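# Overview (structure and organization)
What follows is the residue order along each chain.
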Amino acid sequence: MTDAQHEIAAHAARWVVEDGMEYGAAKRRAAKELGLSGHGALPSNEVLEDEVRDYIAVFCADTQPQELQALRRLALVWMERLAAFRPHLGGAVWHGTATRSSDIYLQLFCDDSKSAEIALIDQGVRYLSRTVTGMSGHPVEALSVNAFCADLNEDIGVHLMIYDFDDVRGALKSDAKGRTPRGDAKALLRLLQQVSA
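Residues numbered from 1 in each chain as written. Predicted model: local features only at pLDDT ≥ 70, side-chain atom pairs only at ≥ 80, totals over all residues. Heavy atoms only, no water.

### Re the layout of surface pockets
What counts is decided by this rule: Note on definitions: the grid is 1 Å and covers protein atoms alone; a cavity is a set of points where a 1.4 Å probe fits but cannot get out; a pocket is an open set with protein on both sides within 12 Å along at least five of seven lines; lining residues have an atom within 4 Å of a point. Grid points are joined across faces, edges and corners, and a volume is the space filled by probe spheres set on the points. Strands here mean DSSP runs of E at least two residues long; helices mean DSSP runs of H or I at least four residues long; both are numbered from the N terminus. Residue classes follow a fixed rule: Ala, Val, Leu, Ile, Met, Phe, Trp, Tyr, Cys and Pro count as nonpolar, while Asp, Glu, Lys and Arg count as charged, and any other residue, Gly among them, counts as polar.
The calculated volume of the largest pocket comes to roughly 1100 Å³. Forming the walls of the largest pocket are 31 residues, and the residues nearest its centre are Glu22, Tyr23, Asn45, Gly91 and Arg182. Secondary structure elements with two or more residues in the lining of the largest pocket: helix H1 (3-19), helix H2 (23-34), helix H3 (45-59), helix H5 (91-95), strand S2 (104-110), strand S3 (128-133) and strand S5 (154-164). Here the lining of the largest pocket is built from residues that sort into 11 nonpolar, 11 polar and 9 charged.

This is the structure:
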């Protein structure tokens, strides 16, 4: 890793933790502010995640564990609400780097792409629909809701990415660090129990 990549990652980590900014946007903003443009200068997500963990250890060690648990509990509520769509949790809430500024990202694996949307309508949930880049780099539909988190006393963004049922196989391939990049409700419950034990 170059000095420039390290500097970009260190600057980007602050925005990820404090503002809940996504990795790509945080890296581009840091590179621009530092006058280091060009794709070759950007650090990998793994490098940025290490910087995020370091930032949390230094600046948020007293609050982040409780905030992470609150977000994981809220994620579990939504996973149970949407159990019919085989929800899997990913992102910072799954990896343990989330703070109260982080959103929750759930991947839903549906037989019918409109079924999750219909379920939200049936439950009286207001949502916004948009297209985002999915886990394989292809566009997918995302349904975004604001969910009140009682533990944090504020609304949290919950984003439901809609995938085909068969996509679940590829969703569980290990990442560059050998970790499972997302988990189902049982895996999340195990994480919650580990902390409370």
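### Observations regarding the sheet that holds S3
What counts, and what does not: Strands were regarded as paired on the criterion that DSSP finds at least two bridges between them. The angle between two axes is taken between their N-to-C directions and runs from 0 to 180 degrees, where each axis is a line fitted to C-alpha atoms and a helix contributes only its stretch in contact. What makes two residues a contact is simply this: any of their non-hydrogen atoms within 4.5 Å.
Taking strand neighbours across the sheet as the criterion, the 5 strands line up as S1-S2-S5-S4-S3 in an open arrangement whose pairing is mixed. Of all strands in the sheet, those bounded by a partner on one side alone are strand S1 (88-90) and S3. Adjacent strand axes in the sheet meet at a mean angle of 35° when their direction is disregarded. Looking at chain direction, S3 and strand S4 (residues 139-149) are connected through 6 bridges and run antiparallel. For threonine 133, the partnering residue across the bridge sits in S4 and is proline 139. Along the sheet face, helix H6 (residues 115-122) touches S2, S4 and S5 and points at about 25° away from the line of S4.

### Details of the pattern of salt bridges
Counted only if it meets this: The salt bridge definition used is simple: a Lys or Arg side-chain nitrogen within 4 Å of an Asp or Glu carboxyl oxygen.
Overall, the coordinates contain 8 salt bridges when judged by the stated rule. In this structure, arginine 86 and aspartate 111 form a salt bridge, with 3.5 Å as the shortest nitrogen-oxygen distance. Residue arginine 86 is located in the loop between helix H4 (64-81) and S1, and its partner aspartate 111 is located in the loop between S2 and H6; the two are separated by 25 residues in the primary sequence. Between lysine 114 and glutamate 141 there is a salt bridge whose closest N-O contact spans 4.0 Å. Here lysine 114 is found in the loop between S2 and H6, whereas its partner glutamate 141 is found in strand S4, with 27 residues between them in sequence.

### Comments concerning H6
Put simply, the rule is: The cut-offs for exposure are 20% and 50% of the maximum accessible area for each residue type, with area from a 1.4 Å probe on protein chains only; residues under the lower value are buried, those over the upper are exposed, and the others partly exposed.
Every buried residue belonging to H6 is among Ser115, Ala116, Glu117, Ala119 and Leu120, and all of these are buried. Those residues of H6 that are buried lie in contact with H4, S2, S4 and S5. With its phi angle positive at about 75°, glycine 124 sits one or two positions after the end of H6.

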